[in-house]
Amino acid sequence: MSLRRGVTNLSRFLLEEQRLFPEATGDFTLILEQIAFAAKIISREVNKAGIVNILGKADSSNVHGEEQQKLDVYANEKMIQALDHTGKICAMASEEVDDVIDIPSKYPKGKYVVVFDPLDGSSNIDVNISIGTIFAVYKRISPEGSGCKKDFMQPGRNLVASGYVIYGSSTMFVYTTGRGVNGFTLDPSVGEFLLSHYNMKTPNEGGIYSINEANYHKWDERIKKFVEHIKNIKERQYTSRYIGSLVADFHRNLLKGGVFLYPGDTKNPRGKLRLLYEANPLAFIIEQAGGKAIDGENNILDIVPDNLHQKTPLIIGSKFEVELFQKYWTGELK
Ligand code: AHG
Ligand code: MN
Ligand code: MN
């Protein structure tokens, strides 16, 4: 693939990747391009949110009982509108919608399903801190017609693509189709995502740990021992970084190395993050980038879901730190 940083846009990259699969029909390419289109629209609103009346609460709440922000609802609408007419998918699912989202009967159905967190890090919208969008794509397993919940109850191992958008100092689109991880930065002057991070790999060990230490009193003893261990590693001085937007914390650690943890605790044994549209998509990315993602004992991608919105503890990042946590969690280290 003849790639040149900065002048290879996402469309060209997707096309060249598609050419590697003679049987490819281009359905997949169109899905990713439409998600990127929605990301541009959301990015535009995020970047002027303070000016137009799109900050603040939407006077509604989602299936988790969490107050929805106006941008949560807006981003959700844009993702659905970008995908529902393509004829390439048979259903969608979203953090912001209780049940499976059907494709309107006037549009043809396709062989994929898409699940997404349309806006991640909502609590940070009004204080101008980086937020994101997270998505994952499966091939349907239901035979034909409208998709159904069963199409989403697949382990992350079955994902055909996943990725995220980070709306930060720049807007980036980072994705994998199982052939490595590549990052594209939006050039607003031309409205194109341009290749900026080719074949992203995460360091085997990092120097950052990210966890909300306000939950310390609810942690299992093994979590406390892991954090204590990390703080006292002689060979390396770790630093604590926690933004409160999963995409932003994940992206920084992907590039610099380190570990993000949202473990379960005495109050929420399964933690806060959702398997289908937060943990799985990022676990696919991190494995492709040479890292690891577990729920404590098991690989995130091996978990078979039974609910669209089920939660899971998430420990994700550089192999050294994640495997060190796993040794504490499974009792190998005391
Ligand atoms: P969302 O805005 O999609 O609900 O996600 C918020 C999540 C995630 O982005 C972040 O890592 C986590 O909430 C932060 O939770 P705490 O504030 O409990 O640390
Ligand atoms: Mn989220
Ligand atoms: Mn969200």
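Bear in mind the structure is a predicted one, so any value in this text is a computation, not a measurement.

## Concerning the nonpolar core
Then, number 1: F152, Y164 and L314 are the most contacted members of the largest nonpolar core, which has 43 residues in total.
Then, number 2: Residue contributions to this core peak at nine residues, all from helix 6 (residues 275-288).
Then, number 3: Counting contributing residues, this core receives three or more from each of domain 1 (10-197) and domain 2 (208-330).
Then, number 4: Ignoring sequence-local partners within four residues, the contact set of F152 consists of A91, M92, A93, V100, V113, V114, V115, Y138, L276, P305 and L308.
Then, number 5: Core analysis: the next-biggest nonpolar cluster, separate from the first, contains 40 residues, A38, A82, L83 and F173 among them.

## Considering unusual backbone geometry
Then, number 1: One non-glycine residue, N128, lies in the positive phi region at around 60°.
Then, number 2: For N128, the position within the fold is in the loop between strand 5 (112-120) and strand 6 (131-139).
Then, number 3: Residue classification places N128 among the exposed positions, given a relative accessible area of 74%.
Then, number 4: One non-glycine residue with positive phi stands out, namely N199, at about 50°.
Then, number 5: Summarising the element assignment, N199 is placed in the loop between strand 10 (192-197) and strand 11 (208-210).

## Things to note about the pairing of strand 6
Then, number 1: Strand 6 sits mainly inside the fold: eight of its nine residues count as buried.
Then, number 2: Strand direction decides the pairing type here: strand 5 and strand 6, joined by seven bridges, are antiparallel. Bridging across to strand 6, V113 finds its partner in Y138.
Then, number 3: As paired elements, strand 6 and strand 7 (residues 161-167) share seven bridges and run antiparallel to each other. Directly across from A136, in strand 7, lies its bridge partner S162.

## Side note on the domain arrangement of the chain
Then, number 1: Once the domains are mapped, the chain shows domain 1 (10-197) and domain 2 (208-330).
Then, number 2: Inter-centroid distance (C-alpha atoms) of domain 1 to domain 2 is 23 Å.
Then, number 3: Every contact between the two is made by 51 residues of domain 1 and, on the other side, 34 residues of domain 2.
Then, number 4: Summing both sides of the interface, domain 1 and domain 2 together bury roughly 3000 Å²; the carbon and sulfur share of this comes to 64%.
Then, number 5: The salt bridge partner of R157 is E287, with a shortest N-O separation of 2.8 Å.
Then, number 6: The interface formed by domain 1 and domain 2 contains 17 residue pairs in polar contact (both at pLDDT 80 or more).
Then, number 7: Counting residues per element, the side of domain 1 that touches domain 2 draws most heavily on strand 6, which supplies seven residues.
Then, number 8: The residue inventory of the side of domain 1 that touches domain 2, partitioned by class, reads 25 nonpolar, 17 polar and nine charged.

## A few points about the packing of helix 1 (residues 10-18) against helix 2 (residues 27-46)
Then, number 1: In contact at an axis separation of 10 Å, helix 1 and helix 2 are set at 165° when each is read in the N-to-C sense. The angle between helix 1 and helix 2 falls in the class roughly antiparallel. The interaxial crossing formed by helix 1 with helix 2 has right-handed handedness. From helix 1, L10, S11, L14 and Q18 reach across to helix 2, where they touch T29, L32, E33 and A36.

## Here's the deal with the coordination of the manganese ion (ligand 3)
Then, number 1: Coordination sphere of the manganese ion (ligand 3), protein contribution only: E95 (OE), D117 (OD) and L119 (O), at 2.0 to 2.2 Å.
Then, number 2: Taken as an interatomic distance, the gap from the manganese ion (ligand 3) to the manganese ion (ligand 2) is 3.7 Å; D117 donates to each of them. Residue E95 is found in the loop between strand 3 (89-94) and strand 4 (101-102), and its partner L119 is found in strand 5; the two are separated by 24 residues along the sequence. This pair shows no difference in class: E95 is buried, exactly as L119 is.

Thresholds, definitions, all that
- Residues numbered from 1 in each chain as written.
- Chains lettered and ligands numbered in written order.
- Predicted model: local features only at pLDDT ≥ 70, side-chain atom pairs only at ≥ 80, totals over all residues.
- Heavy atoms only, no water.
- Core = buried A, V, L, I, M, F, W, Y, C linked by side-chain atoms within 4.5 Å.
- Buried < 20%, exposed > 50% of the residue type's maximum accessible area, 1.4 Å probe, protein only.
- Helix = DSSP H or I, 4+ residues; strand = E, 2+ residues; numbered from the N terminus.
- Domains from an automatic or database assignment.
- Contact = heavy atoms within 4.5 Å.
- Pairing = 2+ DSSP bridges.
- Buried area = accessible area lost by both parts, 1.4 Å probe.
- Salt bridge = Lys/Arg side-chain N within 4 Å of Asp/Glu carboxyl O.
- Polar contact = N/O pair within 3.5 Å; in protein donor to acceptor, adjacent residues only side chain to side chain.
- Nonpolar A, V, L, I, M, F, W, Y, C, P; charged D, E, K, R; others polar.
- Axes fitted to C-alpha atoms, helices over the stretch in contact; angles between N-to-C directions.
- Parallel < 35°, antiparallel > 145°, perpendicular 65-115°, else oblique.
- Left-handed = near helix turned anticlockwise from the far one by under 90°.
- Donors = N, O, S within 2.8 Å, 3.2 Å for Na, K, Ca; no water.

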